Amino acid sequence: MISGGGSGLRALLRHQQEADTAHVTKLVISDSESAGGLDHAREAGVDFVSVPLPQELKGDERRRAHEEKIMRIIESKDIELIVLSGYMRILTPLFVSQWKGRLVNIHPSLLPEFPGAHAQRDALEARVRVSGCTVHFVDEGVDSGPIIEQREVPVFEYDTVETLRERIKTAEHDLYPKVLDDISSGRVLL
Ligand code: GRF
């Protein structure tokens, strides 16, 4: 599931094309019709669908209807694991409880440090010298589920949010496909 440019999705699709993986991407779901990442799915010949928020509804009702639609789509496919890769919405406890243990996310910090939407900015403000990325199971909290694996990257004096974001992404693109290899071959227990 993606929301934006989908560089992580592109890295995963490449890995699945080039290596002998035990996993395959069955479907890419975006909450935005204009997510650049949908092009990566199109180019790789992978099914994709965008599910925008229903504008005619408001608040909780809107969230619920949106997730119900996504759940119906997922259930109509033979899907074993949901991989959040830059999906920018927080899933409701109902969604999470139905997929617990089969729902993973990547976050651009060394959790539990710097959860939330501004991980790189927060790391720079805290003047840390090492940051990185974390792959974790999703629970009902925000970036709080059990950690599967992390990768460190250095933070330099001259870094901006942008330079740090790109350095972390490079690490993410290597780490996430490898963690999915481990999950699908049973080296990480769900
Ligand atoms: C990644 O840094 C990921 O950790 C965060 O969102 C970013 C997604 O980037 N959750 P992209 O859309 O895969 O390029």
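Residues numbered from 1 in each chain as written. Predicted model: local features only at pLDDT ≥ 70, side-chain atom pairs only at ≥ 80, totals over all residues. Heavy atoms only, no water.

Q: Can you help me understand the overall build of the protein in this one?
A: Along the protein, the regular secondary structure elements total 6 helices and 6 strands. Beginning at the N terminus, the succession of helices and strands in the protein can be written as α-β-α-β-α-β-α-β-α-β-β-α. Here the protein has a C-alpha radius of gyration of 16 Å; the compact-globule value for 190 residues is 16 Å, and the two agree. Structurally, the protein occupies a C-alpha span of about 45 × 45 × 30 Å along its principal axes. Residue burial in the protein is summarised as follows: out of 190 residues, 46% are buried. The long-range fraction of contacts in the protein, counting pairs at least 24 apart against all pairs at least 6 apart in sequence, stands at 57%. In the form shown here, the protein has an accessible surface area of approximately 10,100 Å², with 50% of it arising from carbon and sulfur atoms. Taken as two groups, the 23 positive and 31 negative side-chain charges of the protein have centres that lie 2 Å from each other. (Helix = DSSP H or I, 4+ residues; strand = E, 2+ residues; numbered from the N terminus. Rg over C-alpha atoms; globule rule 2.2 N^0.38 Å. Buried < 20%, exposed > 50% of the residue type's maximum accessible area, 1.4 Å probe, protein only. Contact = heavy atoms within 4.5 Å. Areas by Shrake-Rupley, 256 points an atom, 1.4 Å probe, with all protein chains shown as cover. Lys, Arg positive; Asp, Glu negative; His and termini not counted. Charge placed at Lys NZ, Arg CZ, Asp CG, Glu CD.)

Q: Help me understand the site of the ligand in this model?
A: Gly5, Gly6, Ser7, Gly8, Gly86, Ile106, His107, Pro108, Lys169 and Glu172 make up every residue found near the ligand. Measuring from a nitrogen atom of the ligand, one finds a backbone N or O atom of Ile106 at 3.3 Å. In the environment of the ligand, an oxygen atom lies 2.5 Å from a nitrogen or oxygen atom belonging to the side chain of Glu172. Protein chains bury 86% of the 370 Å² of accessible surface belonging to the ligand in isolation. Elements that contribute at least two residues to the shell around the ligand include exactly helix 1 (7-18), strand 4 (103-107) and helix 6 (161-184). Residues of the shell around the ligand, tallied by class, amount to 2 nonpolar, 6 polar and 2 charged. (Near = heavy atom within 4 Å. Polar contact = N/O pair within 3.5 Å; in protein donor to acceptor, adjacent residues only side chain to side chain. Nonpolar A, V, L, I, M, F, W, Y, C, P; charged D, E, K, R; others polar.)

Q: In this structure, what is going on with the sheet that holds strand 4? I would like to understand it.
A: Remark on secondary structure: sheet strands pair via backbone hydrogen bonds, oriented parallel or antiparallel. Spatially, the 4 strands line up as an open sheet ordered 3-4-5-6, and their pairing is mixed. Looking along the sheet, the strands with just one partner apiece sit at the ends: strand 3 (82-84) and strand 6 (147-154). Averaged over neighbouring strand pairs, the angle between their axes works out to 15° when direction is ignored. Taken together, the 4 bridges between strand 4 and strand 5 (residues 130-137) define a ladder with antiparallel strand orientation. (Pairing = 2+ DSSP bridges. Axes fitted to C-alpha atoms, helices over the stretch in contact; angles between N-to-C directions.)

Q: Where do I start with the packing of helix 1 against helix 6 in this structure?
A: Two quantities define a packed helix pair, namely the angle between the helix axes and the distance between the axes. As a packed pair, helix 1 and helix 6 sit with axes 9 Å apart at the nearest point and diverge in direction by 45°. In terms of their interaxial angle, helix 1 and helix 6 are classed as oblique. By crossing handedness, the relation of helix 1 to helix 6 is classed as right-handed. Side by side, helix 1 and helix 6 meet where Ser7, Gly8, Ala11, Leu12 and His15 of the first sit next to Lys169, His173, Pro177, Leu180 and Asp181 of the second. Looking at side-chain class alone, the contact of helix 1 with helix 6 contains 4 nonpolar, 4 polar and 2 charged residues. (Parallel < 35°, antiparallel > 145°, perpendicular 65-115°, else oblique. Left-handed = near helix turned anticlockwise from the far one by under 90°.)

Q: Help me understand the packing of helix 1 against helix 2 (residues 37-44) in this model?
A: The interhelical angle for the contact between helix 1 and helix 2, taken along N-to-C directions, is 20°, at an axis separation of 9 Å. Here helix 1 is positioned roughly parallel relative to helix 2, judged by the angle of their axes. In this structure, helix 1 crosses over helix 2, and the sense of that crossing is right-handed. Residues Leu9, Arg10, Leu13 and Gln17 of helix 1 lie in contact with helix 2, whose contacting residues are Gly37, His40, Ala41 and Ala44.

Q: Explain the environment of Asp31 to me, please; I cannot follow it from the model alone.
A: Topologically, Asp31 is positioned in the loop between strand 1 (27-30) and helix 2. By relative accessible area, Asp31 is classed as buried at 17%. For the pair formed by Asp31 and Tyr87, sequence separation is 56 residues and the distance between their alpha carbons is 7.9 Å. With sequence-adjacent residues up to four places away left out, Asp31 is seen in contact with Ile2, Ser3, Val51, Pro52, His66, Tyr87 and Arg89. A polar contact of 2.9 Å, which involves the side chain of Asp31, links it to the side chain of Ser3.

The analysis is restricted to geometry; functional conclusions fall outside its scope.
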